[in-house]
Amino acid sequence: ILAEPLIKLHETLSKLEQRSLLKSQGAFLAGAQLTWADYFCYPILADLRAVHEGECIRGDKARFPLLSSWMDRMEVLEAVQKTFSD
C-alpha cells in the first residue's frame, strides 16, 4: 500500500535536499540564516521522522543525510524545543 507513496516521498525529499542550500551555503534550508522555510518544513518533517517511514531522514544511515543533519540542528533551537514542552 505504501510503495508508491514512499517513492513520491523520496522524490520530494530528494528535490528538497538538492535544491536547498544545505550543501553550499550553510546550516539552514535557504542559507546561513534561519528563515520561514525552516520553520515551515520542520514540523512536517518532524512528524515524518517520528514514524517508521521517516528513517530516511533519521540517524547516521539516513538516505537524505543533509536533511537529517538539518533536522538535528533544528531540534536544538529554543523555538523548536518550546513546541515539545508538555
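Right above here is the structure, for reference.
Computed from a predicted structure; not experimentally measured.

Draft legend 1. Just the overall build of the chain, in detail. Within the chain, the regular secondary structure consists of 4 helices and 0 strands. Counting from the amino terminus, helix and strand elements in the chain follow one another as α-α-α-α. Along the longest, intermediate and shortest principal axes, the C-alpha atoms of the chain span 35 × 35 × 25 Å. Here the chain holds 86 residues, and the buried ones make up 30% of them. In the chain, the proportion of contacts linking residues at least 24 apart, taken out of those at least 6 apart, comes to 55%. When the 10 positive and 12 negative side-chain charges of the chain are each reduced to one mean point, those points stand 7 Å apart.

Draft legend 2. Broad picture of the side chain of Ser68. One can find Ser68 in helix α3 (residues 65-75). Under the relative-accessibility criterion, Ser68 is labelled buried at 3%. Every residue in contact with Ser68, bar those within four places of it in the chain, is listed here: Arg49, Ile57, Arg58, Gly59 and Ala62.

Draft legend 3. The arrangement of the pattern of salt bridges in detail. Under the defined criterion, the tally for this structure stands at 4 salt bridges. A salt bridge links Lys8 to Glu4, with the nearest nitrogen and oxygen atoms 3.6 Å apart. Linking Lys8 with Glu4, this pair stays in helix α1 (residues 3-19), spanning 4 residues, or about one helical turn. The residue Glu78 makes a salt bridge to Lys82 at a minimum N-O spacing of 3.5 Å. With Glu78 and Lys82 both in helix α4 (residues 78-84), this residue pair falls 4 residues apart, about one helical turn. For Glu78, a relative accessible area of 58% puts it in the exposed group. One connected set of salt bridges, linked through shared partners, spans Arg49, Asp72 and Glu75.

Draft legend 4. Examining α3 more closely. Those residues of α3 not exposed but buried are Leu67, Ser68, Trp70, Met71 and Met74. Taken down its axis, α3 places every buried residue within 160° of arc, on the same side. As for α3, its buried residues are in contact with α1, α2 (36-49) and α4.

Draft legend 5. Summary view of the environment of Ala30. Note on placement: Ala30 falls in the loop between α1 and α2. Along the chain, Ala30 and Pro5 lie 25 residues apart, while their C-alpha atoms are 26 Å from each other. Apart from residues no more than four positions distant in its own chain, Ala30 is found in contact with Leu21 and Thr35.

Draft legend 6. Fine view of the side chain of Asp38. Within the fold, Asp38 resides in helix α2. Buried within the structure, Asp38 lacks any salt-bridge partner; Arg73 is the closest side chain of opposite charge, at an N-O distance of 7.6 Å. Here the side chain of Asp38 touches Leu29 through a polar contact of 2.9 Å, landing on its backbone nitrogen.

About the criteria used
- Residues numbered from 1 in each chain as written.
- Predicted model: local features only at pLDDT ≥ 70, side-chain atom pairs only at ≥ 80, totals over all residues.
- Heavy atoms only, no water.
- Helix = DSSP H or I, 4+ residues; strand = E, 2+ residues; numbered from the N terminus.
- Buried < 20%, exposed > 50% of the residue type's maximum accessible area, 1.4 Å probe, protein only.
- Contact = heavy atoms within 4.5 Å.
- Lys, Arg positive; Asp, Glu negative; His and termini not counted.
- Charge placed at Lys NZ, Arg CZ, Asp CG, Glu CD.
- Salt bridge = Lys/Arg side-chain N within 4 Å of Asp/Glu carboxyl O.
- Arc of directions from axis to C-beta.
- Polar contact = N/O pair within 3.5 Å; in protein donor to acceptor, adjacent residues only side chain to side chain.

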